[in-house]
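The primary structure of each chain is shown beneath.
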Amino acid sequence: IDGVTHAGIIITNNTFSNIRNVVVDAQNYTGAVINNNTVSGTPDRFAAIGNSSVVAADNKINGTNTYGYFVERGSVSAISGGYIKKAEDSAVFVQDNSSVTVDSVSISDSGVIGIFAKNSTVEAKNNSISNSGNVGIYAQNPTGVTSISGNAISSSGYAGVQIDNGNKLTSVISNTIKSSGTYGIVVFGANGSKAQSNTANGYSEYGIYIRESGANTNSNGIDVSKNTVSGGPSAIVLRRTDSGAVKKYTVTAANYGIYINANCTKTTVTGNSYTGVI
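What counts, and where the lines are drawn
Chains are numbered independently. Their residues run from 1 in the order of the written sequence. In view of the model being predicted, local features appear only for residues whose pLDDT reaches at least 70, and side-chain atom pairs are presented and counted only at 80 or more, with totals across whole chains, interfaces and linings using the full set of residues. Processing note: side-chain calculations cover all non-hydrogen atoms of the structure and skip hydrogens and water entirely. Numbering of helices and strands runs from the N terminus, with a helix taken as a DSSP run of H or I at least four residues long and a strand as a DSSP run of E at least two residues long. It is over C-alpha atoms that the radius of gyration is taken, and the globule rule equals 2.2 Å times the number of residues to the power 0.38. The buried label goes to any residue with under 20% of its type's maximum accessible area, the exposed label to any with over 50%, and the partly exposed label to all in between, with areas taken from a 1.4 Å probe on protein chains only. By definition in these notes, contact holds between two residues if any of their heavy atoms fall within 4.5 Å. Areas reported as accessible are Shrake-Rupley estimates using a 1.4 Å probe. Residue values count occlusion only from the protein chains shown. Under the counting rule used here, the positive set is Lys and Arg, the negative set is Asp and Glu, and His together with the chain ends is not counted. Here the site of a charge means NZ on Lys, CZ on Arg, CG on Asp, or CD on Glu. What makes a salt bridge here is a side-chain nitrogen of Lys or Arg within 4 Å of a carboxyl oxygen of Asp or Glu, nothing more. Strand pairing is assigned whenever DSSP identifies at least 2 bridges connecting the two strands. Pairs of N or O atoms within 3.5 Å make up the polar contacts considered here, provided that, within protein, one atom can donate a hydrogen while the other can accept it, and that residues adjacent in sequence are counted only when both atoms are side-chain atoms. The criterion is simple. A nonpolar core is a set of buried Ala, Val, Leu, Ile, Met, Phe, Trp, Tyr and Cys residues joined through side-chain atoms within 4.5 Å. Side-chain rings of Phe, Tyr and Trp, where Trp is taken by its six-membered ring, are said to pair if the distance between their centres is within 6.5 Å; with planes under 30 degrees apart they count as stacked, over 60 as edge-to-face, and otherwise as tilted. Consider the ring centre and the ring normal. A charge sits over the ring if Lys NZ or Arg CZ is within 6 Å of that centre and within 35 degrees of that normal. Inter-axis angles, ranging from 0 to 180 degrees, are taken between N-to-C directions of lines fitted to C-alpha atoms, where helices are fitted over the stretch in contact.

Asker: Please set out the overall build of the chain residue by residue, giving values where relevant.
Answerer: Looking only at helices and strands, the chain has zero helices and 38 strands in total. Its C-alpha atoms give the chain a radius of gyration of 19 Å, near enough to 19 Å, the size a compact globule of 278 residues would have. Out of the 278 residues belonging to the chain, those deemed buried represent 51%. Across the chain, contacts joining residues at least 24 apart in sequence account for 37% of those joining residues at least 6 apart. For the chain, the accessible surface area stands at approximately 11000 Å², while carbon and sulfur atoms represent 45% of it. Charge separation in the chain, taken as the distance between the mean sites of 18 positive and 16 negative side-chain charges, equals 8 Å.

This is the structure:
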């Protein structure tokens, strides 16, 4: 009920099976705890979190018709441990200026995206994400500090990590990405963001691809350094990017080691080690 806040709700150590709709509908909760629950039988989603602050740890979710966690309406959530298998859309979906931390969760076989944050803030760290239909981790129009670090991402249909319109508070650091369908990391528009110390191996087009946003606004001031890229046609590609820095790479590529197109300005390329063509 709007205007009514529920405080101190604790949902722990339960087994849910064959729930048709939402298992836990956390609306207007303050300081809620949802820990160590087991879910099976393919509900619509495990937890719907709206206008709430929630801690969720060590939950085991085996199949949903849409999402594992659905977070909206400015919620603040910390999700850690456990696993999310076979979410038909996204294992974790975040929207509406919410803020979410996803830490050390095993995510597999998501139909579309492993972790998707839209117009929100996300910290995704130390997660294992495999077999996503489209993208492993996707931050679209982040609104605040967005950090993607220490994740192991494999077998994504399109890209391991995708960023749209990343700002100076957006960083992609120390992730290991294997066997991506098209790109290891792709950034559609960034301003002062970081993509550092990542490993990308196995992709059909580019290991790391920095380009303009969909509105044809150039990326600007992105720091792409200390990455290791191999196992595909072209390793590092910058398109319509100003003041980009490509530093201290280890690159192996069949086509281009580093490719910077004619619409880039003030690019710095220094201290890289590459096998292939630049």
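Having put the structure on the table, let's press on.
Asker: Give me the pattern of salt bridges: which residues, what numbers.
Answerer: Throughout the structure, instances matching the rule amount to four salt bridges. Of the charged contacts, one joins R45 and D44 as a salt bridge, the two residues approaching to 2.6 Å between their closest N and O atoms. The burial state of R45 is the same as that of D44; both residues are buried. Note that K125 is salt-bridged to E123, the shortest N-O span being 3.7 Å. Its relative accessible area of 29% is what places E123 among the partly exposed residues. Linked through salt bridges whose partners overlap, the residues forming this network are R211, E212 and R239.

Asker: Tell me about the pairing of strand β15 (residues 99-103), and name the residues and values.
Answerer: By the alternation rule, side chains of β15 split into V100 and V102, which are all buried, and S99, T101 and D103, of which none is buried. Across five bridges, strand β12 (residues 76-80) lies against β15 in parallel orientation. Within the sheet, the bridge partner assigned to S77 lies in β15 and is V100.

Asker: Hey, could you go over the environment of Y203 for me, with residue numbers and the actual values?
Answerer: Looking at the element boundaries, Y203 is found in the loop between β28 (199-201) and β29 (206-211). Residue Y203 is classed as buried on the basis of its relative accessible area, which comes to 6%. For the pair Y203 and Y67, spaced 136 residues apart in sequence, the C-alpha separation works out to 27 Å. The residues touching Y203, leaving out its near neighbours within four places in the chain, are S180, T182, Y183, G184, V229, S230, G231, G232, P233, S234, A235 and T252. For Y203, the side chain forms a polar contact with the main-chain oxygen of S234, separated by 3.4 Å.

Asker: Explain the nonpolar core to me, using residue names and the numbers behind them.
Answerer: Of all hydrophobic cores here, the largest spans 58 residues; its most connected members are F46, Y69, I115 and I236. Discounting chain neighbours no more than four positions away, the residues touching Y69 are F46, A47, A56, N59, I61, I79, I84, A91, V92 and F93. Membership of the second largest hydrophobic core comes to seven residues, among which are F70, F93, I113 and V135.

Asker: Residues and numbers for the packing of aromatic side chains, please.
Answerer: For the structure on display, the rule yields 11 aromatic pairs. An aromatic cluster is defined as three or more aromatic residues linked by ring pairs; in this entry it consists of Y67, F70, F93, F116 and Y138. Note that R45 overlies the ring of F70, its terminal NZ or CZ placed 4.6 Å from the centroid. Between K85 and the ring centre of Y83, over which it is positioned, the NZ or CZ distance is 4.6 Å.

Asker: So what's going on with the environment of G221? Residues and values would help.
Answerer: Its location among the elements puts G221 in the loop between β30 (219-220) and β31 (223-225). With relative accessibility at 29%, the residue G221 sits in the partly exposed group. The spatial distance from the C-alpha of G221 to the C-alpha of S243 is 4.8 Å, given a sequence separation of 22 residues.

Asker: Go over the sheet that holds strand β27 (residues 194-196) with me, naming the residues and quoting the values.
Answerer: Sheet architecture is open: 12 strands sit in the order β2-β6-β9-β12-β15-β18-β21-β24-β27-β31-β35-β37, paired in parallel fashion. Both outer strands of the open sheet, β2 (10-12) and β37 (268-270), are each paired with one neighbouring strand and no more. Across the sheet, the mean angle from the axis of one strand to that of its neighbour is 5 degrees, orientation sign disregarded.

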